[in-house]
Amino acid sequence: MKLEDEKGFDITIIGGHDKDGNPEDLNLTIYSGEVVSIVGPTGSGKSQLLGDIEWMAQKDTPTGRKVLINGQVPDVEKRFDIDSKLVAQLSQNMNFVMDVTVKEFVEIHASSRKIEDSEEIIEAIITQANQLAGEEFLEDTPITSLSGGQSRALMIADTAYLSKSPIVLIDEIENAGIDRKSALDLLVKREKIILMATHDPILALMGDKRLVIKNGGINKIIESTAAERKNLVLLEKLDKKLLMMRNKLRNGEIIDCIGWE
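It should be emphasised that the depicted structure is a prediction, and the values quoted were computed from it without experimental measurement. (Residues numbered from 1 in each chain as written. Predicted model: local features only at pLDDT ≥ 70, side-chain atom pairs only at ≥ 80, totals over all residues. Heavy atoms only, no water.)

> Is there a simple way to think about the side chain of lysine 209 in this case?
Among the secondary structure elements, lysine 209 is positioned in strand E8 (residues 209-214). A distance of 3.2 Å separates polar atoms of two side chains, one belonging to lysine 209 and the other to glutamate 34. Contact partners of lysine 209, with chain neighbours within four places excluded, come to Leu28, Glu34, Val35, Val36, Ser37, Ile221, Ile222, Glu223 and Ser224. (Helix = DSSP H or I, 4+ residues; strand = E, 2+ residues; numbered from the N terminus. Polar contact = N/O pair within 3.5 Å; in protein donor to acceptor, adjacent residues only side chain to side chain. Contact = heavy atoms within 4.5 Å.)

As structure tokens, then:
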């Protein structure tokens, strides 16, 4: 059930300009297994940066940015051929229209990837998705009946195990109701490059570095500090408590003691 080995993969983002034409002083290389968060006000240009990466921009987008793959300009096939897609995207809005069960959906994807021993990997995907979602679903659950959180959990697990794309773009999944840290850890273990646009402080601090977007341009690159890592531990403990209470409420339990300590 082995997929293509993408270890050692990297991308480089060469700066373009902001909405006023001011140049970005940027030449940033991101390597397999790295997590980069993208932060900034609504409408600042976070999604445009993700779009530039998805399309492997060659100074042919509104920002004028350029993206290199392993230090080279990607060929036309890599940019526009669906079968050789370098980027997988996970957005906050995921709606299924196929009239199939969860297992059938994953089987179709595994078959399209020509995966051997697919039963093992299908079981792993569904198990992992349930762990991320918190709301259990079965392999024979119709895919159209999944909640938003279940859908995103399934797609994250599917992307981690089946997608050959070495780059994963995540656009504001903070409201997905999933175990965000476990989701990122899963993708990192599969040696993916992860770039995520977010307003969530926990997701932002999970990155090895974060890009600050202002007026359509990359204004600043911040390396995560030791102090931020300490704060992240505290925020994750709080988030874990909130996730536990959310699951209790879903299961009809009473929240009679919060117990933050």
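> Mind showing me how you'd approach helix H4 (residues 118-133) here?
Structural remark: α-helix, 3.6 residues per turn; residues separated by three or four positions point the same way. When the terminal C-alpha atoms of H4 are compared, their 22 Å separation across 16 residues agrees well with the 22 Å that a helix rising 1.5 Å per residue should span. Within H4, burial applies to Ile121, Ile122, Ile125, Ile126, Gln128, Ala129, Asn130, Leu132 and Ala133. Its buried side turned inward, H4 meets helix H3 (102-112), helix H5 (148-162), helix H6 (180-189) and helix H8 (226-250). Downstream of H4 by one or two residues, glycine 134 has phi in the positive range, about 85°. (Expected span 1.5 Å × (residues − 1). Buried < 20%, exposed > 50% of the residue type's maximum accessible area, 1.4 Å probe, protein only.)

> So what exactly am I meant to see when it comes to the sheet that holds strand E2 (residues 27-31) here?
Pairing between sheet strands relies on hydrogen bonds along the backbone, with the strands arranged either parallel or antiparallel. Ordered by their spatial adjacency, 3 strands build an open sheet running E2-E1-E4, and the pairing between neighbours is antiparallel. Both edges of this open sheet fall to E2 and strand E4 (66-69), since each of them pairs with a single strand only. Averaged over all pairs of adjacent strands, the angle between their axes in this sheet comes to 20°, without regard to strand direction. Looking at chain direction, strand E1 (residues 10-14) and E2 are connected through 5 bridges and run antiparallel. Residue isoleucine 14 lies in a different strand from E2, and its bridge partner there is asparagine 27. (Pairing = 2+ DSSP bridges. Axes fitted to C-alpha atoms, helices over the stretch in contact; angles between N-to-C directions.)

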